[in-house]
Amino acid sequence: MAFYDDWPVLGIANVNPRQQRLFEQYEHYLLQHIKDLYDARERYWNRDFSGLNAYVHSVEPNRQHFLDSLGGWPWERHDMHLRIEPLATTADFRVERVYYRVFEGVETDALLLTPLGKGPFPGLVLQIGIYGVPETACGFTETEHAGIDSTYHRIGGRLARHGYTVLATRMVTGFEPETLAGRFAPKLQELKSGQPHARMYLNRLCRTIGMDLFGVEMFALSRGVDLLESLPQVANDRIGFYGKSQGGQSALWLGALDTRLQAVVSTAWFNERYQKQVIPSEHYRPFALTVEEDKIYPHLHEFADSDIASLICPRAFMVEEGKHDGAVYWPLAEEAFAEVKAIYDRLGIGEKCAIHVHEGGHEIEPGEDTAQLHSVQFLDRWLKG
């Protein structure tokens, strides 16, 4: 007789329900706890509505909390080692590729579009989404020349033609897998090539030392503002930001962190953040159920999208959404936007906060006439006006 023959048999039929019960209890507790903290986030805010300067001063601690949640900006703003490569001149603007140092060890490039004629011109940082590149956002790729439009609708070139100096920046994403063939094990090759996987991999590296990839990228974009400020063709007191999708996140977040930005347009991103993060819906997929770990933030107890936007106030802020966007459910975005608008209205500057919901999808507002786009009219008012 084996020594364990008289032990009881507790098989899978007994174990699995217990495992499921424990999992579901944890899930229920965490979802409720997140919601409770999210609903109580006002306790971290002490907004002073007695005047614009008083308001800015009152939210400054929250701006620092927000930056701290991203790991801070420990880097010095050293010389950018700017290099400019002429590419082309159109009937309306010239195109250059600029190379500049973010910090020691990291150099990025961007497309710089400058209107012809007498400046200085208002400046705009144009930020792509995770599957985009600045060449596409400006309308310079083979597909655009073949007449195939993208979700950016050539907005970079159109804005330059409309009188803006545009800096179309690059984002950290994956790249074509064949460039890695034979160099890495299959799993590492997947991590470094696939778009969300590559960001997930870099973000994990960041989080081992208390950093956040998006915090690093916000500093990189802030260096783009440094660059625009340094250019003689840019009116450095009239610089804005236009971003779509994850670039819309950049617009919202950098607008909150860098107070030099005078007008911000966040396209296809702004949302009711609790539901978008964790609650499944037929209208969108929550980030908690995707592989995009870089979209899981540790600050929902203090910052909804509306709270982050309140750090842009009293500077100009606009939301742009599409009714058929599978990533952003526009009624929830309108609900969250109402919270921001109430703050602007209470300060007597309601005209500096706007939302436009168009009939398209996950895209910049469609339309041939650049001057009639709601986002462009908004930028014109606060950067040209």
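Residues numbered from 1 in each chain as written. Predicted model: local features only at pLDDT ≥ 70, side-chain atom pairs only at ≥ 80, totals over all residues. Heavy atoms only, no water.

(A) Inspection of the sheet that holds strand S8 (residues 316–322) at higher detail. If you walk across this open sheet you meet the nine strands as S1-S2-S3-S5-S4-S6-S7-S8-S9, and the pairing is mixed. Two strands in the sheet have a free side with no partner beyond their single neighbour: strand S1 (83–89) and strand S9 (353–358). Neighbouring strand axes in the sheet, compared pairwise and without regard to direction, differ in orientation by 20° on average. Summarising the sheet, strand S4 (residues 121–127) and strand S6 (residues 234–244) pair through six bridges and their orientation is parallel. Its bridge partner lying in S6, Leu 126 is registered against Tyr 242. Strands in contact with helix H12 (residues 330–346) are S8 and S9; relative to S9, the strand with the most contacts, it is inclined by about 165°. Along the sheet, helix H13 (residues 374–384) contacts S4, S6, strand S7 (261–267), S8 and S9; its crossing angle with S7, the most-contacted strand, is approximately 170°. (Pairing = 2+ DSSP bridges. Helix = DSSP H or I, 4+ residues; strand = E, 2+ residues; numbered from the N terminus. Axes fitted to C-alpha atoms, helices over the stretch in contact; angles between N-to-C directions. Contact = heavy atoms within 4.5 Å.)

(B) Highlighting the confidence of the model for the chain. Of all residues in the chain, 95% attain a pLDDT of 70 or more, and the chain-wide mean is 93. Low pLDDT, under 50, characterises residues 180–184; the predicted model gives this stretch eight contacts beyond four residues in sequence or across chains. (pLDDT = per-residue confidence, 0-100.)

(C) Region of interest: the packing of helix H8 (residues 213–230) against helix H9 (residues 246–257). At a minimum axis distance of 10 Å, the contact between H8 and H9 shows a crossing angle of 75°. Regarding the angle of H8 to H9, the classification is roughly perpendicular. Residues Phe 214, Glu 217, Met 218, Leu 221, Ser 222 and Val 225 of H8 pack against Gln 246, Gln 249, Ser 250, Trp 253, Leu 254 and Leu 257 of H9. Here the contact of H8 with H9 is built from residues that sort into seven nonpolar, four polar and one charged. (Parallel < 35°, antiparallel > 145°, perpendicular 65-115°, else oblique. Nonpolar A, V, L, I, M, F, W, Y, C, P; charged D, E, K, R; others polar.)

(D) Molecular detail of unusual backbone geometry. In the segment running from Gly 119 into Pro 120, the intervening peptide bond is cis, with an omega of 0°. You can see Pro 120 is positioned in the loop between strand S3 (106–115) and S4. In this structure, Pro 314 follows Cys 313 across a cis peptide bond, with omega equal to 15°. Mapped onto the elements of the fold, Pro 314 is located in the loop between helix H11 (305–310) and S8. At Ser 245, a position not held by glycine, the phi torsion is positive, near 65°. When you line up the elements, Ser 245 lands in the loop between S6 and H9.

(E) Looking closely at the packing of helix H2 (residues 52–69) against H9. Packing of H2 against H9 brings their axes to within 9 Å, and their N-to-C directions diverge by 125°. One finds that H2 runs oblique with respect to H9. Contact residues: H2 offers Arg 63, Phe 66 and Leu 67, while H9 offers Trp 253, Ala 256 and Leu 257. Tallied by class, the residues present in the contact of H2 with H9 amount to five nonpolar, no polar and one charged.

(F) How the structure looks around the nonpolar core. Core analysis: the largest hydrophobic core is formed by 51 residues, its most contacted members being Phe 66, Leu 252, Trp 253, Phe 270 and Phe 317. Ignoring anything within four residues of it in the chain, the contact list for Phe 66 reads Trp 253, Ala 256, Leu 257, His 299, Phe 303, Ile 308 and Leu 311. Formed by 29 residues, the second largest nonpolar core is a distinct cluster that contains Phe 93, Leu 111, Leu 124 and Ala 168. (Core = buried A, V, L, I, M, F, W, Y, C linked by side-chain atoms within 4.5 Å. Buried < 20%, exposed > 50% of the residue type's maximum accessible area, 1.4 Å probe, protein only.)

(G) Layout of the packing of aromatic side chains. Scanning all chains against the criterion turns up 17 aromatic pairs. For the ring pair Phe 66 and Phe 303, a centre distance of 5.2 Å and an interplane angle of 55° mean the geometry is tilted. Of this pair, Phe 66 sits in helix H2 while Phe 303 sits in the loop between helix H10 (273–278) and H11, and the two are 237 residues apart along the sequence. Exposure class is identical for Phe 66 and Phe 303. Each is buried. The structure contains a cluster of three or more aromatic residues connected by ring pairs, namely Trp 45, Phe 66, Phe 214, Trp 253, Tyr 297 and Phe 303. Seen from the ring of Tyr 38, Arg 41 lies directly overhead, with NZ or CZ sitting 4.3 Å from the centre. Lys 352 extends its terminal NZ or CZ atom over the ring of Trp 382, reaching a point 5.3 Å from the ring centre. (Phe/Tyr/Trp six-rings, centres within 6.5 Å; stacked < 30°, edge-to-face > 60°. Lys NZ or Arg CZ within 6 Å of the ring centre and 35° of its normal.)

(H) Spatial organisation of a nonpolar patch on the surface. A cluster of nonpolar side chains, contributed by Leu 22, Tyr 26, Tyr 29 and Leu 30, occupies part of the molecular surface with about 450 Å² of accessible area. As for its position among the elements, Tyr 29 is in helix H1 (residues 12–39). (Patch = residues over 30% accessible without salt bridge, like charges linked within 9 Å, V, L, I, M, F, W, Y side chains within 5 Å. Areas by Shrake-Rupley, 256 points an atom, 1.4 Å probe, with all protein chains shown as cover. Salt bridge = Lys/Arg side-chain N within 4 Å of Asp/Glu carboxyl O.)

(I) Spatial organisation of the side chain of Asn 271. Looking at the element boundaries, Asn 271 is found in the loop between S7 and H10. In contact with Asn 271, not counting residues within four places along its chain, are Lys 276, Asp 305, Ala 327, Val 328, Tyr 329, Leu 332, Ala 333 and Ala 336.

(J) Here's a closer look at H9. Spanning twelve residues, H9 covers 16 Å between terminal C-alpha atoms, matching the ideal 16 Å at 1.5 Å per step. For H9, the buried fraction is high: twelve of the twelve residues fall into the buried class. Residues of H9 that are buried include every one of Gln 246, Gly 247, Gly 248, Gln 249, Ser 250, Ala 251, Leu 252, Trp 253, Leu 254, Gly 255, Ala 256 and Leu 257, and no others. (Expected span 1.5 Å × (residues − 1).)

(K) Spatial organisation of the environment of Lys 35. When you line up the elements, Lys 35 lands in helix H1. Distance in space between the C-alpha atoms of Lys 35 and Leu 300 is 8.9 Å, their sequence separation being 265 residues.

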